[in-house]
2 protein chains.
Amino acid sequence: IMWRALTHAAMNGVPQRGKLLTLDNMNPKVKRVEYAVRGPIVQRAVQIEKELREGVKKPFTEVIKANIGDAHAMGQKPITFLRQVLALCSYPELLKDNQFPEDAKKRAQRILEACGGHSIGAYSASQGIECIRHDVAHFIEKRDGGIPSNPDNIYLSTGASDAIVTILKLLVSGEGRDRTGVMISIPQYPLYSAALAELDAVQISYYLDEDKCWSLDVKELRRALYAARQHCNPRVLCIINPGNPTGQVQSRQCIEDVIRFAKEENLFLMADEVYQDNVYAEGCQFHSFKKVLFEMGPEYSSKVEMASFHSTSKCYMGECGFRGGYMEVINMDPEVKAQLTKLVSVRLCPPVPGQALLDLVVNPPQPDEPSYATFMKERTAVLAALAEKAKLTEQIFNTVPGITCNPVQGAMYTFPRISLPQKAIDKAKEEGQVPDMFYCMKLLEEEGICLVPGSGFGQREGTFHFRMTILPPTEKLKLVLKKIKDFHLRFTKEFS
Amino acid sequence: IMWRALTHAAMNGVPQRGKLLTLDNMNPKVKRVEYAVRGPIVQRAVQIEKELREGVKKPFTEVIKANIGDAHAMGQKPITFLRQVLALCSYPELLKDNQFPEDAKKRAQRILEACGGHSIGAYSASQGIECIRHDVAHFIEKRDGGIPSNPDNIYLSTGASDAIVTILKLLVSGEGRDRTGVMISIPQYPLYSAALAELDAVQISYYLDEDKCWSLDVKELRRALYAARQHCNPRVLCIINPGNPTGQVQSRQCIEDVIRFAKEENLFLMADEVYQDNVYAEGCQFHSFKKVLFEMGPEYSSKVEMASFHSTSKCYMGECGFRGGYMEVINMDPEVKAQLTKLVSVRLCPPVPGQALLDLVVNPPQPDEPSYATFMKERTAVLAALAEKAKLTEQIFNTVPGITCNPVQGAMYTFPRISLPQKAIDKAKEEGQVPDMFYCMKLLEEEGICLVPGSGFGQREGTFHFRMTILPPTEKLKLVLKKIKDFHLRFTKEFS
Ligand SMILES: Cc1ncc(COP(=O)(O)O)c(C=O)c1O
Ligand SMILES: Cc1ncc(COP(=O)(O)O)c(C=O)c1O
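On a predicted model such as this, the values are computed, not experimentally measured, just so you know.

Attention now moves to the relation of the copies chain B and chain A. When chain B is brought onto chain A, the operation consists of a screw motion whose angular component is 180 degrees and whose axial shift is 0.0 Å, with 0.0 Å RMSD remaining. Such a turn and shift between the copies fits a two-fold axis. Judged by C-alpha distance, alanine 87 of chain B is the residue of chain B that lies nearest the rotation axis, at 2.1 Å.

If you want it as structure tokens, here you go:
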């Protein structure tokens with residue numbers, strides 16, 4: 001009707017002169033934020049999907065999005081027990097229903113009793129529901145062989161993302177040469193660089209050693225730190241273990257070295273451990289920073305300030321949509337902790353369904369409970385399939401001339417190195433694109449496979465990579481690997 | 001065991017010398033953040049609850065928390081239909097179950113089909129699930145009498161809080177005299193002042209007129225704006241309608257005046273409309289800023305840049321824990337919108353259960369569907385009870401000498417003015433407290449009622465208020481009102 005005509009321009013976002021808020025006068029820090037995992041290539045993938053639905057002919061019938069660690073989107077089934085309890089919490093009438101096992105009902109009842117008005121629709125305490133924070137603390141104690149965990153140090157969060165940004169917020173200060181510097185690995189998960197841009201902190205890049213299976217070397221940390229001290233105030237060291245996008249699992253020795261380094265150099269440690277169950281390679285094992293810290297004795301465990309992060313999004317659960325997570329802060333000054341508590345209270349609370357889910361993750365069915373067998377079967381199946389796919393990916397990629405791939409020791413990604421012919425590099429530059437973006441865009445257009453270019457995570461100058469998740473079901477993963485192989489050979493030929 | 005002894009000091013947060021991160025060197029912007037709704041008084045309330053559980057004798061047996069708009073915590077029951085669909089989405093096995101009505105199943109199926117891998121555990125698009133954004137747009141069109149809404153302008157969010165802070169983030173820039181100024185009402189909902197502190201923007205306070213039922217006067221807007229132009233760059237005008245903490249509902253005329261003012265003065269409008277269903281007073285009606293804007297004709301509707309906010313936390317739903325919400329942006333520069341989309345992608349996506357819930361709110365059961373009658377009955381009962389309690393609150397408070405209370409036209413709060421004897425004011429100052437904090441703390445200790453002092457929201461110099469929600473069940477609300485009345489009389493006598 002009339003409105004349609006009147007407001008056509010306004011409604012369709014046609015650029016108009018004289019906007020109040022423009023690219024030129026908006027927050028410059030926000031403008032500097034980059035987040036490749038959902039960047040232009042993903043937007044093009046969504047567009048192509050639309051075109052396919054509209055009947056546009058393509059050399060493929062389906063876009064496979066291997067750009068993001070989103071297990072359920074790739075067909076992984078939710079763990080039955082988790083969802084039963086969530087259904088019970090959502091609609092407590094079901095507690096009368098005989099189809100639900102007793103342990104699921106018990107968990108749901110306990111969670112509901114801890115909620116305001118016994119409803120997951122009530123705001124919780126900003127730090128998270130108290131009994132869930134206790135369960136998290138017990139989980140950590142058990143995981144770490146009895147090292148105590150204080151529920152007062154646990155903060156539930158809206159996914160790990162939220163907690164990571166919150167801790168960075170506390171730590172950032174200063175101007176000019178006093179600006180806070182934050183050490184992050186390259187390649188990194190781009191949440192870190194994005195948060196640093198937004199907070200106007202200095203990113204200090206340390207490089208993982210691709211030739212040594214993406215391992216972390218304290219010498220490189222030292223190099224990066226000392227160089228950064230010339231122009232900023234380095235205060236924080238971020239570690240991702242198991243690594244995203246690189247898939248390495250740190251050795252106990254390495255973690256000890258890092259902790260010693262952090263103590264010597266007065267750095268606050270941030271340990272991103274969201275992939276702690278995702279360890280596949282033989283001889284590799286997950287060691288939490290907390291555990292190693294405490295095993296190093298009181299001169300470390302009472303000194304080193306640290307926050308470690310976990311999430312419901314990864315591991316065997318893959319429940320990304322619920323936005324559940326927690327952090328544990330260690331040795332944080334009580335006055336600063338009070339500030340942290342105040343800061344999180346502004347956003348009221350983390351999503352309560354995500355908190356409930358987290359409670360099940362840290363307090364799963366026990367051997368004497370009716371859901372135990374099914375739970376273990378489902379959990380084991382997910383992790384075993386991932387281990388198989390990790391191996392498969394490495395093997396197949398390493399058969400392709402021009403692709404070299406480290407073992408996927410853990411996490412959910414491979415980050416293979418690709419050699420690109422000079423002509424392709426020149427062509428990309430001509431088109432104003434970074435070469436690995438050019439490569440990935442072409443792969444998307446020709447094969448319908450959506451990856452993230454290595455440049456989105458950072459890489460050594462002159463090297464090129466892409467990140468691919470290993471999450472697609474085995475048969476589909478094989479297809480993806482074959483398509484990438486064919487494409488890579490074709491691409492190399494085309495530009496030789 | 002041994003760990004316990006070794007790490008006792010560290011685990012219990014005993015202050016230690018030589019912390020890296022201290023109150024002195026942490027982010028000063030975070031330090032400036034205040035959030036009274038969950039401030040010291042609430043912390044004391046939680047403590048008192050603990051003491052009661054431990055058997056400590058008090059002049060009351062229960063703490064009544066009337067400090068926060070948390071409907072379910074106050075005993076309001078969730079709407080059946082919403083929770084049925086959420087249970088179905090959580091555990092789709094239940095779709096086979098005959099106990100669920102067909103319309104609930106249909107909604108759940110539609111939501112699941114729009115999720116990656118048909119699971120609410122998958123990340124969604126960062127802007128929110130597409131079909132839900134379409135439903136939101138339809139809802140807005142229907143609400144606003146046919147004025148079109150473009151799904152591309154809808155961004156789902158983690159509660160309204162998230163969307164409000166995100167828009168402020170985009171708008172803030174500059175240093176010194178160029179710093180962005182943001183106009184907020186006094187009294188205000190303290191999310192706004194907290195966000196401005198964190199973003200280092202300038203808060204420009206305009207006062208609502210308590211003598212005219214907390215109405216907004218453009219003359220006062222102009223005064224505040226012109227004064228602020230001397231020292232910053234005012235770019236944004238925030239409005240809360242219906243008002244929190246003040247409970248006023250703006251007239252259509254007032255909204256038109258505000259929009260005209262925003263256009264003349266080149267201000268970006270932020271309309272916080274989370275209480276849009278909470279209108280109780282006769283003669284009052286909710287008018288959305290969007291609708292009024294478009295009814296003012298194309299020179300307004302194609303010009304004024306605006307964002308409006310809604311939430312699943314308030315209205316008849318009260319589903320705060322799910323952290324659902326949306327915003328609609330109008331006339332936003334497409335380049336800026338691209339930046340907004342990028343910015344929200346860093347946090348991956350809003351909680352999917354909250355998105356699902358929002359979908360039911362904007363697409364509730366229709367007259368020809370089986371859940372309609374129950375849904376309407378439940379919805380009407382909640383809103384009718386609130387209307388009754390709004391009236392009751394005003395009436396009772398106005399019988400107390402020294403308390404004056406405007407009608408609660410809408411929202412969920414009353415913000416009565418209290419006169420405090422000079423001796424009480426002096427005594428508070430002696431104890432280093434603001435007088436209304438002193439008053440509320442005493443009320444909490446003596447009667448077990450938790451309110452928020454007016455100073456947490458801002459008030460005219462020399463006046464004192466408190467905020468109380470009207471959410472407790474009628475009988476409990478009557479008790480609360482009586483207790484406050486008795487306390488106020490006693491307090492006045494004590495300090496006279
Ligand atoms: C290393 C790492 N940290 C944190 C996150 C954030 O995940 P979420 O916010 O879903 O918990 C991710 C997600 O992929 C990640 O890979
Ligand atoms: C005026 C106003 N805006 C926004 C919010 C934020 O609510 P939520 O983040 O739960 O949607 C509230 C909560 O009380 C409010 O009163």
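What links the strands of a sheet is backbone hydrogen bonding, and the strands pair in either a parallel or an antiparallel sense. Residues and elements named next belong to chain B. The mixed open sheet is built from seven strands, whose spatial order is β2-β8-β7-β6-β5-β3-β4. Strands with a single pairing partner mark the edges of an open sheet, and in this sheet they are β2 (154-158) and β4 (202-207). Along the sheet, successive strands turn relative to each other by an average axial angle of 25 degrees, direction set aside. Sheet topology note: the β2/strand β8 (residues 324-330) ladder contains five bridges and is antiparallel. By the bridge assignment, serine 157 is partnered in β8 with glycine 325. Against the sheet, helix α9 (residues 191-199) touches β3 (180-186), β4, β5 (233-240) and β6 (268-272), its axis set at about 160 degrees to β3. Sitting on the sheet, helix α14 (residues 334-345) touches β2 and β8, and the angle it makes with β2 is about 30 degrees.

Using the criterion set out here, one finds 72 salt bridges over all chains in the structure. For arginine 490 of chain A, the salt bridge identified is with glutamate 447 of chain A, shortest N-O distance 3.1 Å. Here arginine 490 of chain A, found in helix α19 (residues 474-494), pairs with glutamate 447 of chain A, found in helix α18 (residues 435-447); they are 43 residues apart in sequence, far enough to count as distant. Among the residues examined, arginine 490 of chain A registers a relative accessible area of 36% and is labelled partly exposed. According to the relative accessible area criterion, glutamate 447 of chain A is buried, its value standing at 11%. Close ionic contact of glutamate 220 of chain B with arginine 223 of chain B constitutes a salt bridge, the shortest N to O distance being 2.7 Å. Of the two residues, glutamate 220 of chain B and arginine 223 of chain B both sit in helix α10 (residues 218-228), three residues apart, roughly one turn of that helix.

Counting residues at the interface gives 117 residues for chain B, matched by 117 residues for chain A. Surface buried jointly by chain B and chain A totals about 9600 Å² across both partners, of which 58% is contributed by carbon and sulfur atoms. The partner of glutamate 130 of chain B in a salt bridge is lysine 50 of chain A, with the nearest N and O atoms 3.7 Å apart. Residues belonging to the side of chain B that touches chain A are distributed by class as follows: 53 nonpolar, 37 polar and 27 charged.

Turning to the side chain of glutamate 256 of chain A, a few remarks are in order. Residues and elements named next belong to chain A. With respect to the helices and strands, the residue glutamate 256 is situated in helix α11 (residues 252-264). Overall, the relative accessible area of 18% leaves glutamate 256 in the buried class. Leaving out residues up to four positions away in the same chain, glutamate 256 has contacts with Val292 and Met296.

Our focus in this paragraph is the site of ligand 2. Surrounding ligand 2, one finds 17 residues, the nearest of these being Ser161, Asn244, Asp272, Tyr275 and Ser311 of chain B. More than one chain reaches ligand 2: the nearby residues come from chains A and B. Contacts to ligand 2 include lysine 314 of chain B, whose side-chain N or O atom sits 3.0 Å from an oxygen atom. Starting from 400 Å² of accessible surface for ligand 2 in isolation, the protein chains cover 99%. The biggest single contributor to the shell around ligand 2 is helix α8 (residues 159-171) of chain B, with four residues. Looking at the shell around ligand 2 residue by residue, the classes come out as nine nonpolar, five polar and three charged.

Before going further, it helps to spend a moment on the sheet that holds strand β13 (residues 452-453) of chain A. Residue and element names in this part refer to chain A. Strand order in this open sheet of three strands is β10-β14-β13, and the pairing throughout is antiparallel. Each end of this open sheet is capped by a strand with a single partner; those strands are β10 (413-414) and β13. Bridge count for β13 against strand β14 (residues 466-469) is two bridges, and the pairing is antiparallel. Of the residues in β14, the one forming a bridge with valine 452 is arginine 467.

A word on the domain arrangement of chain A. All names here are of chain A. Taken domain by domain, chain A comprises domain 1 (30-74 + 376-494) and domain 2 (123-362). Once you take the C-alpha centre of each, domain 1 and domain 2 turn out to be 27 Å apart. Across the contact, 35 residues belong to domain 1 and 36 residues belong to domain 2. Across the interface of domain 1 and domain 2, roughly 3000 Å² is buried in total on both sides, 57% from carbon and sulfur atoms. Linking domain 1 with domain 2 are three salt bridges, by the criterion used here.

What counts and how
Residues numbered from 1 in each chain as written. Chains lettered and ligands numbered in written order. Predicted model: local features only at pLDDT ≥ 70, side-chain atom pairs only at ≥ 80, totals over all residues. Heavy atoms only, no water. Least-squares fit on C-alpha atoms with pLDDT ≥ 70 in both. Pairing = 2+ DSSP bridges. Helix = DSSP H or I, 4+ residues; strand = E, 2+ residues; numbered from the N terminus. Axes fitted to C-alpha atoms, helices over the stretch in contact; angles between N-to-C directions. Contact = heavy atoms within 4.5 Å. Salt bridge = Lys/Arg side-chain N within 4 Å of Asp/Glu carboxyl O. Buried < 20%, exposed > 50% of the residue type's maximum accessible area, 1.4 Å probe, protein only. Buried area = accessible area lost by both parts, 1.4 Å probe. Nonpolar A, V, L, I, M, F, W, Y, C, P; charged D, E, K, R; others polar. Near = heavy atom within 4 Å. Polar contact = N/O pair within 3.5 Å; in protein donor to acceptor, adjacent residues only side chain to side chain. Areas by Shrake-Rupley, 256 points an atom, 1.4 Å probe, with all protein chains shown as cover. Domains from an automatic or database assignment.

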